[in-house]
Amino acid sequence: QVQLVESGGGLVQPGGSLRLSCAASGSIFSMAAMGWYRQAPGKQRELVARITRGGSANYADSVKGRFTISRDNAKNTMDLQMNSLKPEDTAVYYCNLVFWGDNYWGQGTQVTVSS
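The following refers to the structure shown. (Residues numbered from 1 in each chain as written. Predicted model: local features only at pLDDT ≥ 70, side-chain atom pairs only at ≥ 80, totals over all residues. Heavy atoms only, no water.)

### Regarding the pairing of strand β1 (residues 4–7)
Stated formally: Only protein chains enter the calculation, and the probe is 1.4 Å; a residue is then buried if its accessible area is under 20% of its type maximum, exposed if over 50%, and partly exposed in between. Elements are defined by DSSP. Helices are runs of H or I of four residues or more, strands are runs of E of two residues or more, and each kind is numbered from the N terminus. Any two strands with at least two DSSP bridges between them are considered paired.
On β1, burial follows the alternation: Leu4 and Glu6 on one face are buried, whereas Val5 and Ser7 on the facing-out side are not. Two elements, β1 and strand β3 (residues 18–24), share four bridges in a ladder whose sense is antiparallel. Counted as the bridge partner of Leu4 is Ala24 from β3.

Next comes the structure, spelled out in structure tokens:
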């Protein structure tokens, strides 16, 4: 059984930074692909960034150059460093783990970018 718990969301002013963390239980973390998704009110959930088990990352065009995804397989954690935040980054952010076609999700953490 895999459980994912996000933390680090909150309210930040435009141009500010936040760091999200995802802690995973279970023994498959190091073998799984991981990612961050977000869902704004009235919109579909979208991919923000993902990282392979080997550490290769890719990003949505809207966050390239501002967000950085990372993982620590020894600690079963994944982070998302978010810089130069914009109001359009406001959303609930979800941690995702994919293993052998099975998707696991965290409960989400709210990020609000507003002055």
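### Re the side chain of Asn76
Heads up, the rule is: Only heavy atoms matter for contacts: two residues are in contact if any of them lie within 4.5 Å across the pair.
Along the chain, the position of Asn76 falls in the loop between β7 (67–72) and β8 (77–82). You can call Asn76 buried: its relative accessible area is 18%. Not counting the four nearest positions on each side in its chain, Asn76 is found in contact with Cys22, Ala23, Ala24, Gly26 and Phe29.

### Some words on the state of the cysteines
The test is simple: Disulfide assignment relies on a single distance test, namely cysteine sulfur atoms paired within 2.5 Å.
Per the counting criterion, the structure on display carries one disulfide. The disulfide partner of Cys22 is Cys95, and the S-S distance across this bridge is 2.0 Å. Classification of the bridge connecting Cys22 and Cys95 rests on its S-S torsion, roughly -70 degrees, and on that basis the disulfide is left-handed. Here Cys95 lies in strand β9 (residues 91–99) and Cys22 lies in strand β3, a separation of 73 residues in the sequence. Accessibility expressed as a relative area gives 1% for Cys22, which makes it buried. Overall, the relative accessible area of 0% leaves Cys95 in the buried class.

### Remarks on the nonpolar core
Put simply, the rule reads: Think of a nonpolar core as a cluster: buried Ala, Val, Leu, Ile, Met, Phe, Trp, Tyr and Cys residues, connected wherever their side-chain atoms sit within 4.5 Å.
Met34, Trp36, Met78, Leu80, Met82, Tyr93 and Leu97 are the most contacted members of the largest nonpolar core, which totals 31 residues. When residues of this core are traced back to their parent elements, those giving at least two are β3, β4 (33–39), β5 (46–51), β7, β8, β9 and β11 (109–113). Among the elements that make up this core, the one with the highest residue count is β9 (five residues). Residues in contact with Met78, not counting those within four places in the same chain, are Leu20, Ser21, Cys22, Phe29, Met34, Gly35, Trp36, Ile51, Ile69, Ser70, Arg71 and Cys95.

Note that every value here comes from positions in space, so none of it alone points to a role or purpose.
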